[in-house]
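This is what each chain is made of:
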Amino acid sequence: MNSIFSMSRKDVITFLIFSAVVLLMPIWLQPFGAAYPDLMQKFAIFGILAIGFNILFGLTGYLSFGHAAFLGAGSYAAVWTFKLFSMNPIPALIFAVIIAGLFALAIGYVSLRRSGIYFSILTLAFAQMSYNLAYSVLTPVTYGETGLQLALDDPRIADAAFGGGSDVALPVSNLFGMVNMNGIPGFYFCAIFLIIGFFITQRIFASPFGMMLRAIKSNQNRMSYTGFNTRPYTLTAFVISGMYAGLAGGLMAVTDPLAGAERMQWTASGEIVLMTILGGVGTLIGPVVGAWLIKYFENIFSSFNENVLHNLFAFLPEGIEKFVVEVTSMFVGEGWHLTLGLVFVLVVTFLPGGMMEGYRRIVDMFQKKDDGDGKASTKSDAATAPAE
Amino acid sequence: MTTNNENIVLHVADVHKTFGGLHALSDIDLQIEEGKTHAIIGPNGAGKSTLLNVVVGRLAPTRGAVVFDGQVLTGKQPHEINQVGVARVFQTPEIFPDLTVLQNVMIPALAKRDGDFKLNFLSSLEDEVEIREEAEHMLEDVGMKASKDMFASSLSRGDKRRMELAMCLMQHPRLLLLDEPTAGMSRHDTNTTIDLLKKIKERGMTKVIIEHDMHVVFSLADKISVLAGGRIIAEGTPEEVRNNPKVQEAYLGGAH
Ligand SMILES: Nc1ncnc2c1ncn2[C@@H]1O[C@H](COP(=O)(O)OP(=O)(O)O)[C@@H](O)[C@H]1O
Ligand SMILES: [Mg+2]
């Protein structure tokens, strides 16, 4: 039994620091102007999405281009639970995770028959099919273009039974009628799931199961000739990461109870891939950092409009100002994706290991300066040790 | 199936393999005795690796079957074939380049327990003390203890090969297939490997070894089959094969 909590010292420290960073977000994000609940909820939710995706992509190397399908499935499942059962977020999340998991089981079962680019294409195709179905045939379930929303006359059987009756206003998701799921409490609710999700990921990374997944990524042939049936391993990783996505989708619905098909679109799937690669594929922290950076800069860049730019460059001479505003406006507001694309190209070209590689390079640089020639060996030891 | 049947652990029965119009293997009938070291020699392109590919399930034979210890292997998945006790060292090393040497050697030992899948993500790799110690011993045996924390990708070609051998030995297979295990090794490492393979022989493991180095072949093999153009052209003890005129001809005609 004691093996359940046997974590290495390094893992315990990482976990504690990570938890502190997440829980103290409302404080340390203030100087960045990002300490408001909506954005912090996004940080937590997309963090969950990215670390879950990393269990599949980072450990097994299978690049799914369809994870948004599970995100969307989770959202729909959660909103339906709100409508039919209760505004309590717990059953909604349980249902979201189960539905996304089943969905991932079905899609993964078929897609994992292929590897490499064919696997990616298959997942992309399944996700686009889900997106189209949500818009067309499945309208009775998804409410098509309008999206799935709460209504005053929803049955909500559990809430009705306990007398949390329907009033004139739409209800808000709440924990046992006590804590409402918007604002700061909503952030902390999501943050706790991010921390739990991070903990589980840490355990997977440090477990024999995690090593098997890495071995599959490294050489799947050798795995087979060594007596491993690799399919159940990759499928499990796929389902686990699908469940993380379902949890994230469920939390989106908890903080804002509606679900739309656009959550399943391929751009949403692509964003998950970008976050993971930008932060550092296969590292513990990287994907979370990637998710935070993208959501932070999306927030800043997309709020810029021409007026803001004119004010910003007002000090320039007339003609130049106009030109500068024209050029920069291509990269902000609606054009934010252009900036993201450029940054992505730069990172992949110069830092293929993402932000985490950048961090490691900086640390290495300082260590070299510090310990001179005396302890040159410690660095090369670190370089040959397995990545965490 | 002529002589003492019960001692035959591997029987390659009338196997043919064609690639398009190319007859890579024709009429191959090979019987390997339990506990013996059986060498397969022959010029490049003779079909030696193809033969092993058929045995481990990488290739399906066009005709014929492979029987191991009474079970038909043909049609089984590679991991199932490994699980019944067949391990292979490949001609180009098949290792886990992104993992450390120690992890490379630990994984095969976990295959018996976890091969058919086990979701033990709450346990930690740190708890696998027994298997780690076994792996460290094995690395000591093959003289690689010092590099246990290195990434496998940074090893020399000869060391990769030695590590792959260690990986196979961790499984205590009943049948070990070696495809040119000393290629790319220095004379010294080759001799260490020969000694190691001799030690295994004392423990009774059956081995099929493909080798170009005649020094290795004659110091290890109990029996030799000579393959040329996809056919077995001679078979016998090392002495018999050495003096066979057909063999000398094939080797003069071939690359080696
Ligand atoms: N997968 C394959 N597809 C097509 N031809 C192959 C394949 N594998 C081997 N061959 C051909 O079969 C012949 C035997 O190859 P091989 O078994 O590798 O010879 P060797 O005795 O040198 O190990 C060669 O002519 C080779 O080109
Ligand atoms: Mg060969």
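So, here's what we can say about the structure. (Residues numbered from 1 in each chain as written. Chains lettered and ligands numbered in written order. Predicted model: local features only at pLDDT ≥ 70, side-chain atom pairs only at ≥ 80, totals over all residues. Heavy atoms only, no water.)

### Some remarks on the overall build of chain A
To be explicit about the condition: Here a helix means four or more residues in a row that DSSP labels H or I, a strand means two or more in a row labelled E, and each is numbered from the N terminus. Every radius of gyration here is taken over C-alpha atoms, with the globule rule written as 2.2 Å times N^0.38, N being the number of residues. Summary of the burial criterion: residues with accessible area below 20% of their type's maximum are buried, those above 50% are exposed, and those between are partly exposed, where the area comes from a 1.4 Å probe applied to protein chains only. Note on contacts: a residue pair qualifies if any of its non-hydrogen atoms lie within 4.5 Å across the two residues. A 1.4 Å probe and the Shrake-Rupley method give the accessible areas. Residues count as covered only by the protein chains that appear here.
The helix and strand tally for chain A stands at 19 helices and 4 strands. Its C-alpha atoms give chain A a radius of gyration of 23 Å, near enough to 21 Å, the size a compact globule of 388 residues would have. Projected onto its principal axes, the C-alpha coordinates of chain A cover approximately 75 × 70 × 40 Å. The 388 residues of chain A split such that 49% are buried. Across chain A, every contact between residues at least 6 apart in sequence was considered, and the portion connecting residues at least 24 apart equals 75%. Looking at chain A as shown, the accessible area adds up to about 18100 Å², and 68% of this sits on carbon and sulfur atoms.

### Looking at the interface of chain B and chain A
When the parts of a complex come together, some accessible area is lost, and that lost area is often taken as the interface size. Put simply, the rule reads: Each reported salt bridge corresponds to a side-chain nitrogen of Lys or Arg within 4 Å of a carboxyl oxygen of Asp or Glu. Two N or O atoms count as a polar contact when they lie within 3.5 Å, although within protein this holds only if one can serve as hydrogen donor and the other as acceptor, and sequence-adjacent residues are included solely when both atoms are side-chain atoms. Residue classes follow a fixed rule: Ala, Val, Leu, Ile, Met, Phe, Trp, Tyr, Cys and Pro count as nonpolar, while Asp, Glu, Lys and Arg count as charged, and any other residue, Gly among them, counts as polar.
Across the boundary between the two partners, chain B contributes 43 residues, which contact 33 residues of chain A. A salt bridge links E164 of chain B to R222 of chain A; its shortest N-O distance comes to 2.6 Å. Taken together, the connections running from chain B to chain A amount to 15 residue pairs in polar contact (both at pLDDT 80 or more). For the side of chain B that touches chain A, the secondary structure elements donating two or more residues are α2 (78-83), β6 (86-89), α3 (101-114) and α5 (157-169) of chain B. For the side of chain B that touches chain A, the leading source of residues is α3 of chain B, giving 7 residues. Counted by class, the side of chain B that touches chain A contains 21 nonpolar, 10 polar and 12 charged residues.

### Remarks on the coordination of the magnesium ion (ligand 2)
Residues and elements named next belong to chain B. Stated precisely, the cut-off is as follows: Coordinating donors are taken to be N, O and S atoms lying within 2.8 Å of the metal, or within 3.2 Å when the metal is Na, K or Ca; because water is excluded from the atom set, some sites may appear incomplete.
S49 (OG) and Q91 (OE1) make up the full set of protein donors to the magnesium ion (ligand 2), lying at 2.0 to 2.1 Å. Taken together, the positions of S49 in helix α1 (residues 48-56) and Q91 in the loop between β6 and α3 put the pair 42 residues apart, joining distant regions of the chain. You can call S49 partly exposed: its relative accessible area is 22%. For Q91, a relative accessible area of 32% translates into the label partly exposed.

### Overview of the packing of helix α10 (residues 208-218) of chain A against α3 of chain B
So the rule is basically this: The angle between two axes is taken between their N-to-C directions and runs from 0 to 180 degrees, where each axis is a line fitted to C-alpha atoms and a helix contributes only its stretch in contact. Oblique is the label for any angle not under 35 degrees, not over 145, and not in the 65 to 115 range, which are roughly parallel, roughly antiparallel and roughly perpendicular in turn. By convention the crossing between two helices is left-handed if the near helix lies anticlockwise of the far one by an angle smaller than a right angle, and right-handed if it lies clockwise.
Relative to each other, α10 of chain A and α3 of chain B sit at 115°, their axes nearing to 11 Å. It follows from the interaxial angle that α10 of chain A and α3 of chain B lie roughly perpendicular. Crossing of α10 of chain A against α3 of chain B: the hand is left-handed. Residues P208, M211, M212 and A215 of chain A of α10 of chain A pack against Q103, I107, L110, R113 and D114 of chain B of α3 of chain B. Of the residues contributing to the contact of α10 of chain A with α3 of chain B, the split by class is 6 nonpolar, 1 polar and 2 charged.

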